[in-house]
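So you can see what is in the structure, the chains are spelled out below.
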Amino acid sequence: MKVKVISRSTDEFTRERSQDLQRVFRNFDPKLRPQEKAVEYVRALNAAKLEKIFARPFIGAMDGHIDAISCMAKNPNFLKGIFSGSMDGDIRLWDIASRKTVCQFPGHQGAVRGLTASTDGSTLISCGTDCTCCLINVLSFPSCHADCACLHIQANAVYVGKNAYWAVDHQWGGDLFATTGARVEIWNHNRSQPVNTFEWGTDTVISVRFNPGEPNLLATSASDRSIALYDLRMSTPARKLIMQTRTNSIAWNPMEPLNFTAANEDCSCYSYDARKLDEAKCVHKDHVSAVMDIDYSPTGREFVTGSYDRTVRIFPYNGGHSREIYHTKRMQRVFCVKFSSDASYIISGSDDTNLRLWKAKASEQMGVLLPREQKKHEYQEAVKNRYKHLPEVKRIVRHRHLPRPIYKAKELRRTVIDAEKKKEERRKAHSTPGSIVTESVRKRRIIREVE
Amino acid sequence: MGLEEETGGSAKDVPPTEQELSAEFDTTLQKYLRGEGADLEALKDKKLKGQLTVREKLYGNSAKAAAKFEKWLMPSEGGYLEAEGIEKTWRIKQDQITREVDILSSRNQYDIVLKDLGPYTLDFTPSGRYMATAGRKGHVAIVDMKSMELIREMQVKETVRDIVFLHNETFFAVAQKKYPYIYNRDGIELHCLKEHGAVSRLQFLKNHFLLATVNKFGQLRYQDVTTGEMIGNFRTGLGRTETMQVNPFNGVIAVGHSGGTVSMWKPTSAAPLVKMLCHHGPISALAFHPNGQLMATCGREKKIKIWDLRKFEVVQTIPGHHAKTLDFSQKGLLAAGTGSYAQVLGDFSGSQNYSRYMGHSIAKGYQIGKVSFRPYEDVLVMGHSMGWSSILIPGSGEPNFDTWVANPFETSKQRREKEIHTLLDKLPPETIMLDPSKIGTVRPYKKREKPTKEEMEAEKEAAVEAVKDIALKKKTKGRNKTSKRVMKRKVLIDKAKKPFIEKEMQEAGKLAGKRKLGEETELPASLKRFVRKKAAV
């Protein structure tokens, strides 16, 4: 007869010396793990609860400005620094880690309306309502010191124009920048007059953004409720899209450079494909007041918006509702937001003269994580996502505390929308089938497209 | 011509073995896939479809990786016993096996004789390392099976009916004469569970930390050992109960009654989940297969029946055994203990047909009280009236253990960490159900039946009553006229009744439509020309 019995020798299964790690043996057979789904569910519930316990997104406020902050700019070379301009003409460079001003630049006589940094990080361009456009060389400033006094630096060049400027943006990888006001003007660093001018209609153009993937393409929004796309190589503007309400700001998706998202006055953001402007790709609805500014994360997977309703929201790039909302009693109307270049932080500038620093993921553990910690976080995230549709877990994951005015405003909007929907349904039910056609949400707010 | 033949010949040689291998790989892959994938063709939502395709692919990859791991990277191989020639496996004796096997394994075959202290019952920790034994006359002992070391031995000076480990080897529960007690590993009495009264059987649900007890009158109690809360207290109501087992697959407790019925219970409902009439006489033994699909029962009429738990049907009846105790091993072998003879049955064809595999008879006169396979070892331990014996059953234990599930080589630090992790993962008692894979799934859409007329009337009245209870605001400055108040109430009541009336009208309209068609067919031919025709569309 042939016989064999399981025999395990202790040396094979235990460690040799006490300095060694303990030996681990795995068997992934499902029959060794009865009720694994129930265990996963309990872990998902615990993970959701822990996430809420550790959710502390607010890191700190940077104060120093004495008037509302109107615009911010990221420095592509220096991760820790951010430029901000305020309504009284003050421009500062902040060190985010210590939350202190590094440098204070000579500003403008009136409000600073636009700030941008060149791609190599050497020049800061600012424009304001005093019809001037300043170019400042920023390579010469010292790196941050906690107790450094605000050094005043002379501007490299000041260009004067005919009308007040509303926004400025720098070309990616090139040396042209665009300012907008009465018309869109393209400048070169060295020339004191614009190289090129685009004009379409007589209304002020209030924001401009260059495309990160296609350096000659730029998008602007004007106060005649339009979004216009311009190509620098052509002498005439390319296309225009007219909506029902004005767009306050535009941001291009850095990972999918043909898509851009427009922050609109009607409390929603519209994502468009620049090749097909007759229909929005996605409508992002969650704010209760006008959306003032928008910025994409460097991953291209989400974007942050700041709104007139005193909140900052983070939306997924393809989702209709926000995944996160940040608010504070002290933060008033948010005029500008920026996603930090490492996709971990959000900086918001608001009416109460403060810049605020937030975490992009509210319960994230910052700093260097051990591989075991990282794996644990990944596992918690994955198991929570697997069961987040179940009622108990969903209730915890979705829960966000909203300030009372926003909660009430949301309820009101909900009632209004429901009432309109019901009326529409009744009209449809009482008329010949096919006579009343509901327009899709993605097309509803577009009036027409113009070549 | 010759070349073709050559290539044809070589092609015939290579594929069969590869095919066999791939077929075997596929079966293991199926095991790790854990069921069918989602039907993505029926989805209309493109975004969801895209997300799910990615996820399904990920599942496929992880299942493949697990199957490959199982094939190549497992440290140990299982045991086996093969008879040669005209030999039959059930005639092979233990000393023959002990001679063929290595020293370490041969040490696992022994008999311990303790004459005075009554029939012994035993329980193992999930890792198979520690064993708790209790003799009827009050002898309680904890033994480390690897080193055969007696960890703790005590005499509780009372009748002991059952013993069970809690989540660790550091805690065990003993069913004594009047109440069950919980002891520490050092023999210190921690708790006296007075609420349970005199119990005859104890079972511990590992994932839920529930201690289930049943007394001979059929009172089933569940207690949470972490908080001490009594979760359930049920009268089974089916007569005298002698056996109780927990199904490790889904945490359901099965109780065997003297009428031949087996009832299955969960802690959150007062009525049993299932009541099965299994035998003509009282149930003497009960055991569950670790995969949760098979149950073996033995009745006093000397038949062992194997049940399929999904269809609740008999798969096989094995006559001729009056087993006082049954146990399934991790690999699916069934041990039945009758008198002084232990029979081990195995399912070798894969078609759930149990046949004789091995047998062992202990000294005549010793009555086997409990058989229990040791987890992760090829060992069967039998507790009998004069002590306990351990025999080798090749092929019964799972050769490869998982450190994070049950570790026979656990250090004290690992044990403490594991305790905390299992406490964090403690399942609420609501998760006990007959089919545990239902958690996280969507309830199938049930077409709601039309409510009857009485139900609709009742609903309407309930809505009207609710509206009548609303308090209207008391207006001042001459605006609080009675007539206005009455009008307002009337309007509110009409509003509440409106949806019901609309529904009724819709139903009436449908009926009228149906009747109209019927009427048309009933009219005689000469009168048909006077029927109003619908305008041609």
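Residues numbered from 1 in each chain as written. Chains lettered and ligands numbered in written order. Predicted model: local features only at pLDDT ≥ 70, side-chain atom pairs only at ≥ 80, totals over all residues. Heavy atoms only, no water.

Named according to an unreviewed UniProt entry, chain B is BING4 C-terminal domain-containing protein originating from Linum tenue. Per its UniProt entry, chain B bears the Subcellular location (unreviewed entry) comment "Nucleus, Nucleolus". (UniProt positions renumbered as here; feature names shortened; annotations may be inferred.)

An unreviewed UniProt entry annotates chain A as DDB1- and CUL4-associated factor 13 originating from Linum tenue. Here is the UniProt Sequence similarities (unreviewed entry) comment for chain A, exactly as written: "Belongs to the WD repeat DCAF13/WDSOF1 family." The heading Subcellular location (unreviewed entry) in the UniProt record of chain A holds the text "Nucleus, Nucleolus".

### Some words on the packing of helix H2 (residues 36-53) of chain A against helix H3 (residues 371-386) of chain A
All names here are of chain A. Two numbers describe how H2 lies on H3: the axes approach to 8 Å, and their chain directions differ by 110 degrees. By the angle between their axes, H2 is roughly perpendicular relative to H3. You can see that H2 and H3 cross each other, and the crossing is left-handed. The residues of H3 that touch H2, namely those facing Glu40, Arg43, Ala44, Ala47, Ala48, Leu50 and Glu51, are Tyr379, Gln380, Val383, Lys384 and Arg386. Counted by class, the contact of H2 with H3 contains 6 nonpolar, 1 polar and 5 charged residues. (Axes fitted to C-alpha atoms, helices over the stretch in contact; angles between N-to-C directions. Helix = DSSP H or I, 4+ residues; strand = E, 2+ residues; numbered from the N terminus. Parallel < 35°, antiparallel > 145°, perpendicular 65-115°, else oblique. Left-handed = near helix turned anticlockwise from the far one by under 90°. Contact = heavy atoms within 4.5 Å. Nonpolar A, V, L, I, M, F, W, Y, C, P; charged D, E, K, R; others polar.)

### Quick word on unusual backbone geometry
Phi is positive for A:Cys131, close to 60 degrees, though the residue is something other than glycine. Of note in the backbone geometry, B:Arg34 takes a positive phi value of approximately 55 degrees without being a glycine. Structurally, the position occupied by B:Arg34 is in the loop between helix H1 (2-33) and helix H2 (46-72). The exposure class of B:Arg34 is partly exposed, given its relative accessible area of 43%. (Buried < 20%, exposed > 50% of the residue type's maximum accessible area, 1.4 Å probe, protein only.)

### Here we look at the packing of H2(A) against helix H4 (residues 391-398) of chain A
Residue and element names in this part refer to chain A. Running from N to C, H2 and H4 cross one another at 15 degrees; their axes reach a closest spacing of 9 Å. By the angle class used here, H2 and H4 are roughly parallel. As H2 packs across H4, the resulting crossing turns out to be left-handed. Contacts between H2 and H4 involve Tyr41, Ala44, Leu45, Ala48, Lys49 and Lys52 on the former and, on the latter, Glu392, Val393, Ile396 and Val397.

### Here's the deal with the nonpolar core
Residue and element names in this part refer to chain B. Of all hydrophobic cores here, the largest spans 33 residues; its most connected members are Val344, Leu380, Val381, Met382, Trp388 and Ile393. The set of elements that each furnish at least two residues to this core consists of strand E3 (120-124), strand E25 (341-347), strand E26 (354-361), strand E27 (368-373), strand E28 (379-384) and strand E29 (387-392). A total of 4 residues in this core trace back to one element, the largest contributor, which is E28. If we ignore the near neighbours within four places in the chain, the residues touching Val344 are Leu333, Leu334, Ala335, Ser355, Arg356, Tyr357, Met358, Phe373, Leu380 and Ile393. (Core = buried A, V, L, I, M, F, W, Y, C linked by side-chain atoms within 4.5 Å.)

### A short note on helix H6 (residues 453-468) of chain B
Residue and element names in this part refer to chain B. Over its 16 residues, H6 extends 23 Å from the first C-alpha to the last, a length consistent with the 22 Å expected when each residue adds 1.5 Å. Those residues of H6 lying buried are Met456, Lys460, Val464 and Val467. Each buried residue of H6 sits inside an arc of 75 degrees when the element is viewed along its axis, so together they form one side. Exposed positions of H6 whose direction lies more than 90 degrees from the buried face are Glu454 and Glu461. (Expected span 1.5 Å × (residues − 1). Arc of directions from axis to C-beta.)

### Some words on the interface of chain B and chain A
For an interface, size is often stated in terms of accessible area lost upon the parts coming together. Contacts between the two partners involve 61 residues from chain B and, on the opposite side, 40 residues from chain A. In total, about 4800 Å² of surface goes out of reach between chain B and chain A, with carbon and sulfur atoms giving 56% of it. Across the contact surface, chain B and chain A share 8 salt bridges. A salt bridge links A:Glu36 to B:Arg34, with the shortest nitrogen-to-oxygen separation between them at 2.6 Å. Where chain B touches chain A, the interface holds 26 residue pairs in polar contact (both at pLDDT 80 or more). When contributions to the side of chain B that touches chain A are tallied by element, the ones reaching two or more residues are H1, H2, strand E1 (80-82), helix H3 (94-100), helix H4 (103-106) and helix H5 (412-424) of chain B. Ranked by residue count, the leading element in the side of chain B that touches chain A is H2(B), at 4 residues. Taken together, the residues of the side of chain B that touches chain A break down into 27 nonpolar, 19 polar and 15 charged. (Buried area = accessible area lost by both parts, 1.4 Å probe. Salt bridge = Lys/Arg side-chain N within 4 Å of Asp/Glu carboxyl O. Polar contact = N/O pair within 3.5 Å; in protein donor to acceptor, adjacent residues only side chain to side chain.)

### Structural notes on the UniProt feature "domain: BING4 C-terminal" (unreviewed entry) in chain B
Here the UniProt-annotated "domain: BING4 C-terminal" (unreviewed entry) positions come out as residues 356-436 of chain B. Taken end to end, residues 356-436 of chain B has its terminal C-alpha atoms 32 Å apart, with 16% of it in helix and 30% in strand.

### A look at the side chain of A:Arg92
Residue and element names in this part refer to chain A. Secondary-structure assignment places Arg92 in strand E5 (residues 91-95). A polar contact of 3.0 Å, which involves the side chain of Arg92, links it to the backbone oxygen of Gly64. For Arg92, the side chain forms a polar contact with the side chain of Thr101, separated by 3.1 Å. What Arg92 contacts, discounting residues up to four positions off in sequence, is Gly64, His65, Ile82, Phe83, Ser84, Thr101, Cys103, Gln104 and Phe105.

### A few points about the pattern of salt bridges
All names here are of chain A. One pass over the structure, following the stated rule, counts 43 salt bridges over all chains. Between Asp90 and Arg92 there is a salt bridge, and its shortest N-O distance comes to 3.1 Å. The residues Asp90 and Arg92 share a single accessibility class, namely buried. Close ionic contact of Glu279 with Lys276 constitutes a salt bridge, the shortest N to O distance being 3.3 Å. Classification of Glu279 as partly exposed rests on a relative accessible area of 25%.

### Quick look at the confidence of the model for chain A
Close inspection of predicted coordinates is inappropriate for parts of the model with low pLDDT. Residues and elements named next belong to chain A. On average, residues of chain A carry a pLDDT of 91, and 97% of them reach 70 or more. Averaged pLDDT values over the elements of chain A bottom out at 55 in strand E10 (residues 151-152) and peak at 97 in strand E26 (residues 312-316). Overall, residues 144-150 carries pLDDT values under 50, and its contacts beyond four positions in sequence, including any with other chains, amount to 9 contacts. (pLDDT = per-residue confidence, 0-100.)

### Topic: the sheet that holds strand E6 (residues 149-155) of chain B
Residues and elements named next belong to chain B. A sheet is described by the order of its strands in space; here 4 strands give the open sequence E3-E4-E5-E6, paired in antiparallel fashion. Bordering the open sheet on either side are E3 and E6, each of which pairs with just one other strand. The mean inter-strand angle of the sheet, taken between neighbouring strand axes irrespective of direction, is 15 degrees. Taken together, the 6 bridges between strand E5 (residues 139-144) and E6 define a ladder with antiparallel strand orientation. (Pairing = 2+ DSSP bridges.)

### Considering the UniProt feature "repeat: WD" (unreviewed entry) in chain A
Residues and elements named next belong to chain A. Mapped onto this numbering, the UniProt entry gives "repeat: WD" (unreviewed entry) at residues 62-104, 284-315 and 327-368. In the segment residues 284-315, helix accounts for 0% and strand for 56%; the C-alpha atoms at its two ends are 7 Å apart. For residues 327-368, the helix share is 0%, the strand share is 43%, and the end-to-end C-alpha distance is 27 Å.

### Here's the deal with a negative patch on the surface
Residues B:Glu454, B:Glu455, B:Glu457, B:Glu459, B:Glu461, B:Glu465 and B:Asp469 make up a contiguous surface patch of negative charge. Here B:Glu459 is to be found in helix H6. (Patch = residues over 30% accessible without salt bridge, like charges linked within 9 Å, V, L, I, M, F, W, Y side chains within 5 Å. Areas by Shrake-Rupley, 256 points an atom, 1.4 Å probe, with all protein chains shown as cover. Lys, Arg positive; Asp, Glu negative; His and termini not counted. Charge placed at Lys NZ, Arg CZ, Asp CG, Glu CD.)

### Some remarks on the sheet that holds strand E10 (residues 189-192) of chain B
Residue and element names in this part refer to chain B. Strand order in the open sheet formed by 4 strands is E7-E8-E9-E10, and the pairing between neighbours is antiparallel. If you trace the sheet from one side to the other, it starts and ends with strand E7 (160-165) and E10, each paired once. Along the sheet, successive strands turn relative to each other by an average axial angle of 20 degrees, direction set aside. With 5 bridges connecting them, strand E8 (residues 171-176) and strand E9 (residues 180-184) associate as antiparallel partners. Of the residues in E9, the one forming a bridge with Phe171 is Asn184.

### Considering the packing of aromatic side chains
Two measures describe an aromatic ring pair: the distance that separates the ring centres and the angle between the ring planes. All chains considered together, the criterion is met by 27 aromatic pairs over all chains. Seen in terms of ring centroids, A:Phe303 and A:Phe315 are 5.5 Å apart; in terms of plane orientation they differ by 15 degrees. Their pairing is stacked. Separated by 12 residues along the polypeptide, A:Phe303 in strand E25 (residues 302-307) and A:Phe315 in strand E26 bring together distant segments of the chain. Exposure class is identical for A:Phe303 and A:Phe315. Each is buried. Arranged with centres 6.4 Å apart and planes meeting at 80 degrees, the rings of B:Tyr376 and B:Phe401 form a pair that is edge-to-face. With B:Tyr376 in the loop between E27 and E28 and B:Phe401 in the loop between E29 and H5, this pair connects stretches of sequence that are 25 residues apart. A relative accessible area of 3% means that B:Tyr376 is categorised as buried. For B:Lys146, the ring lying beneath its charged end belongs to B:Phe409, and the centroid distance is 5.0 Å. (Phe/Tyr/Trp six-rings, centres within 6.5 Å; stacked < 30°, edge-to-face > 60°. Lys NZ or Arg CZ within 6 Å of the ring centre and 35° of its normal.)

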